[in-house]
Each structure stands twice: as structure tokens, then as C-alpha cells.
Amino acid sequence: MLQSTPALAQSAAEASLSLESAAQHGYVLGEGDQVQITVFGYEEYTGTQVILPDGTISLPVVGTVRAAGLTSAQFAQTLQQKLQPFLIDPVVTVSLTELRPVRVNVAGAVQRPGPISFYNQTNETEKSPEMPVIAAALIKAGGVSQDADMRQITLRRTLTNGEVYETTVNLWDAIANGSVLENFALQDGDSIFVPRLANADTIDRRLLARSQFAPETVRVRVVGEVKQPGEVEVPPDSSISSAVAIAGGPTVDARLSQVVHVRMNESGEVVRQVIDLRNLTDTYQIQAGDVVIVPKKDIASVLDFATRLLNPLTLLLGIPGRF
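Residues numbered from 1 in each chain as written. Predicted model: local features only at pLDDT ≥ 70, side-chain atom pairs only at ≥ 80, totals over all residues. Heavy atoms only, no water.

Looking now at the sheet that holds strand β2 (residues 34-39). What the three strands build is an open sheet, ordered β3-β2-β6; its pairing is antiparallel. Each having just a single partner strand, β3 (47-50) and β6 (92-98) make up the two edges of the open sheet. Each neighbouring strand pair of the sheet contributes to a mean axis angle of 30 degrees, computed without reference to strand direction. Where β2 meets β3, four bridges bridge the pair, whose relative direction is antiparallel. Paired with Q36 across the strands is T48, a residue of β3. Along the sheet, helix α1 (residues 72-83) contacts β2 and β6; its crossing angle with β6, the most-contacted strand, is approximately 135 degrees. (Pairing = 2+ DSSP bridges. Helix = DSSP H or I, 4+ residues; strand = E, 2+ residues; numbered from the N terminus. Axes fitted to C-alpha atoms, helices over the stretch in contact; angles between N-to-C directions. Contact = heavy atoms within 4.5 Å.)

In C-alpha cells form, the structure reads like this:
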């Protein structure tokens, strides 16, 4: 079975973990990893080795030893057992010094579904690799959408013997309660699936939008009587009035008492509502793909105006023109 390893909830900037914490996260060694092997008192067995394409390393007298598929602690124990017939009470430690690329696939309710890769990165002062864990994978996939079911994320892995294991990961408790983040070390070839909420399910979308798993911005379209009409990028926990402000704010001819908000719901139907923004405040939460229409003061029918304006927009956005 796949085993979870708790790690404290972290911000997006902290999703990359240190090499020293790799063992704590159950990182499994593989081809291309570089390890530092230390056999106390025996310098001839101590040094840095890169795991070969066949998953092994080579030591004097012992010969080839398989490392791929083991954690650092497990590999150290294996080496210790192999050296036992030749050395007196060998004490072995193994630490990661450089990570191989780990490629995983992320699908479902994320902003950029598809394959992602974790690479070892080096800055000017220290090595700061991207540790392949689920939290970091979701962030690298652009963050989750607002209808993501964070309670039932599926991690799927094919083992070397061909068996497939799946486990369900709940990240919502960490978001909602600030509890310990249930994290998993990923292996090359893993797949992560983030399901969407069922229609009857509800979550605190603003809380999700403020979490480390939300995208930095979402794209919405603000048209009509604003100073900079068009597509704008807004934080995912923004209100409709915030989107209007990011679009430059209303013009002097704007009818703020009847701003039209247009959204496609989960069933694919376009829903619109009229909102009073005269105080330039509201409690609605914007979502990716929303359209905000600020009409002119002299428009006789705001909804008719919105319909006429949306007709070309529906072709551009690929949404059905049903009202």
C-alpha cells in the first residue's frame, strides 16, 4: 500500500522541500539520483555515486547493489547487510545529494492538466530541489479550480511487478482546519486525479481560493462601460467589483445599479444575474471564465443590451447563447 507522510501545511513558496527532508517524505531512489554513501571508519567505501540506468551502484568487494526502488534508509540498511561479511560492525548512512527528474501526470480539476516534471534546482547559496510531493504537483499544475473536491484526490501508481495501487488523499482538512497536511512523495510515472465536486456538494470556495492550492490569478472578461474593457486577470477570491476595478473602474456613463454577471454553470448552461454595484462592493466571488457587463446609463433594457453584447462574445468564448 502507498503510505502517507504528514508534513506541515505550507505556502506555495514552501512547496519545494530540502534534500534533507527527502527521506522523511519516503522518497524512492531511482536511475539518475546521486547519493552520498558514508561507511564510518572505511573511507574506501565512502563517496558519491550516481544510480546507474540498471538501478544499481557498485562498491569494492561487494560489487553491484540495487538501489532503485528503495528509500535512502532502506538502501543504507541493504548496504550494511552486504558489507557485514567483509567489515566489522559497519555503520552506513545514505543521503541524497542530487535528484533525478520525476515526471507525473495531473488530471481533473486543475488549471493546467497534463504531465509535469520535478527537477533538481540550484541557487547561488544552496541546492533547493523541487521535492515531488502532491502539494507541489498541484501548484505546478497551475492550482486547482474552484469546484475541485480536495477530499478525494486519487494517486495512482504502477509498481515494478505490474500491479497498480491507488490511494485517496484528503487535502481539505488542512485547508479548512489548518491541520497537518496529508502529503505523499511522488514517483516517476505517478498519476494524480483531482475530481470535481458533485452538484449536491458544497465547500467554502473563498477558503479554497485563498489556499496554497489556488491559482495566482483567474481570467475573466469585463466589457461595457469600464476604462480598460477586455480580459483581465484577478485573484481567485476576488469579487465582481474588484474585477471592475482591475479593468480600470467604471466610466462616467456606467449604470452601476444594473451590472450583469454571466457564468456557465456545471451543466453547461449560461446563467446571468443583475447586480447593484453602486457602492462598488459586493459579496460575489468571481470564477475563471466569468463575463461582467457594465451597461450605459441610457440603455433602455440592460438584459437586452447584455444579450446583444454577448452574441459575439459567445462565439469567442465558446459558450452557448442561452438566457
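After that view, the rundown keeps rolling.
On to the nonpolar core. If you look at the biggest cluster of nonpolar residues, it comprises 55 residues, and the most contacted ones within it are L138, M150 and I192. The greatest single-element share of this core, amounting to five residues, is contributed by helix α2 (residues 134-140). Ranked by size, the runner-up nonpolar core spans 18 residues in total, among them A254, L256, V259 and L277. (Core = buried A, V, L, I, M, F, W, Y, C linked by side-chain atoms within 4.5 Å. Buried < 20%, exposed > 50% of the residue type's maximum accessible area, 1.4 Å probe, protein only.)

Right, let's talk about the sheet that holds strand β17 (residues 291-294) for a bit. Spatial ordering of the open sheet is given by β14-β13-β17-β15-β16, a layout of five strands whose pairing is mixed. Edge positions in the sheet fall to β14 (230-234) and β16 (270-275), since each has one partner strand and no second. Recorded for the sheet is a direction-independent mean angle of 25 degrees between the axes of neighbouring strands.

This paragraph deals with the pairing of strand β8 (residues 114-118). With respect to burial, β8 is a largely interior element, four of its five residues being buried. In the sheet, strand β7 (residues 102-108) pairs with β8 via five bridges, with the strands oriented antiparallel. Looking across to β8, one finds that V104 is bridged to I116. In sequence, β7 turns back onto β8 through a hairpin of five residues.

Our focus in this paragraph is the pattern of salt bridges. Under the criterion given, the structure shown has nine salt bridges. One salt bridge connects D290 with R263, and the closest N-O pair in it is separated by 2.7 Å. Here the residue D290 occupies a position in the loop between β16 and β17, and R263 occupies one in strand β15 (residues 259-264), the gap between them amounting to 27 residues. The closest approach of N and O atoms between D276 and R278, which form a salt bridge, is 2.6 Å. With relative accessibility at 37%, the residue D276 sits in the partly exposed group. Owing to a relative accessible area of 58%, R278 belongs among the exposed residues under this scheme. Salt bridges sharing partners connect three or more residues here, namely R219, E231 and E233. (Salt bridge = Lys/Arg side-chain N within 4 Å of Asp/Glu carboxyl O.)

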